[in-house]
Amino acid sequence: EATAILQRFVDDQESAGADTVGEDDQKPSPSIAVFRGVHVVNAAEVLEQRYLETQEDVELFLKTLREQMEAAVAGNKRIEVR
């Protein structure tokens, strides 16, 4: 998969000690674009129930959605909401 190939390239660059600072440590050299994976959040699949009928349902939905999105961001991933 293309994303896996790009991630391996980025990991190899980081492990090789590639950085964004030039030799004189004064002028930044062109930075390497870091590929970030994508985490897809399908809002309709966050909860098993089809309808939100109470305030508690809404709170549970938002809490679950927030947890999924925060975990993705903590994993350095972009979020695609569907």
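Here, every reference points to the structure presented above.
Numbering of residues starts from 1 in every chain and runs along the sequence as written. Per-residue local features are limited, in this predicted model, to residues with pLDDT of at least 70; the limit for side-chain atom pairs, both in listing and counting, is 80 or more; totals at the level of whole chains, interfaces and linings are taken over all residues. No hydrogens and no water enter the side-chain calculation; it runs on all heavy atoms of the structure.

Asker: Residue-level account of the overall build of the chain, with values.
Answerer: Runs of E in the DSSP output that reach at least two residues are strands. Runs of H or I that reach at least four are helices, and both are numbered from the N terminus. Scanning the chain for helices and strands turns up 2 helices and 2 strands. In the chain, which comprises 82 residues, the proportion classed as buried is 13%. Residue contacts are defined here by distance: any two heavy atoms, one from each residue, within 4.5 Å place the two residues in contact. By sequence separation, contacts in the chain at least 24 residues apart represent 52% of the contacts at least 6 residues apart. Accessible areas in this description were obtained via Shrake-Rupley with a 1.4 Å probe; residue shielding takes into account the shown protein chains only. Accessible surface, the chain: about 6,800 Å² in total, of which carbon and sulfur atoms supply 52%. Note on exposure labels: buried denotes an accessible area under 20% of the residue type's maximum, exposed denotes more than 50%, and partly exposed covers the range between, all computed with a 1.4 Å probe on protein chains only.

Asker: Residues and numbers for the pattern of salt bridges, please.
Answerer: Whenever a carboxyl oxygen of Asp or Glu lies within 4 Å of a side-chain nitrogen of Lys or Arg, that contact is scored as a salt bridge. All told, the structure shown has 3 salt bridges when counted by the stated rule. A salt bridge links K63 to E67; the nearest nitrogen and oxygen atoms lie 3.2 Å apart. Here E67 and K63 lie together in helix α2 (residues 55-74), a separation of 4 residues that amounts to about one turn. Since its relative accessible area comes to 43%, E67 is described here as partly exposed. In this structure, R66 engages E70 in a salt bridge whose closest nitrogen and oxygen atoms are separated by 3.3 Å. Note that R66 and E70 are positioned in helix α2 at a spacing of 4 residues, about one turn of the helix. Relative accessible area serves as the criterion here: at 53%, R66 is assigned to the exposed category.

Asker: Residue-level account of the pairing of strand β2 (residues 78-81), with values.
Answerer: Here the rule is simple: two strands pair whenever DSSP picks up at least two bridges between them. With 4 bridges connecting them, strand β1 (residues 38-41) and β2 associate as parallel partners. Residue pairing across strands places V40 opposite E80, the latter belonging to β2. Seen with the strands pointing away from the viewer, any crossover whose path from the first strand over the helix to the second strand runs clockwise is right-handed. Tracing the backbone out of β1, into α2 and back to the parallel element β2 gives a crossover that is right-handed.

Asker: Could you give an account of the side chain of T64, with specific residues and numbers?
Answerer: Of note, T64 is situated in helix α2. With near-sequence residues (within four places) excluded, T64 lies in contact with V46 and L47.

Asker: Quick one: what's the story with α2, residue by residue and with numbers?
Answerer: Multiplying 1.5 Å by the helix residue count minus one yields the expected span of that helix. Here α2 is 20 residues long and its end C-alpha atoms lie 28 Å apart, about the 28 Å a rise of 1.5 Å per residue gives. On its buried face, α2 sits against β1 and β2. Phi turns positive, to about 60 degrees, at N76, one or two residues after α2.

Asker: How would you sum up unusual backbone geometry? Please name residues and give values.
Answerer: Look at N76: it is not a glycine, yet its phi comes out positive at around 60 degrees. Here N76 lies in the loop between α2 and β2. Judged by its relative accessible area of 42%, N76 falls in the partly exposed class.

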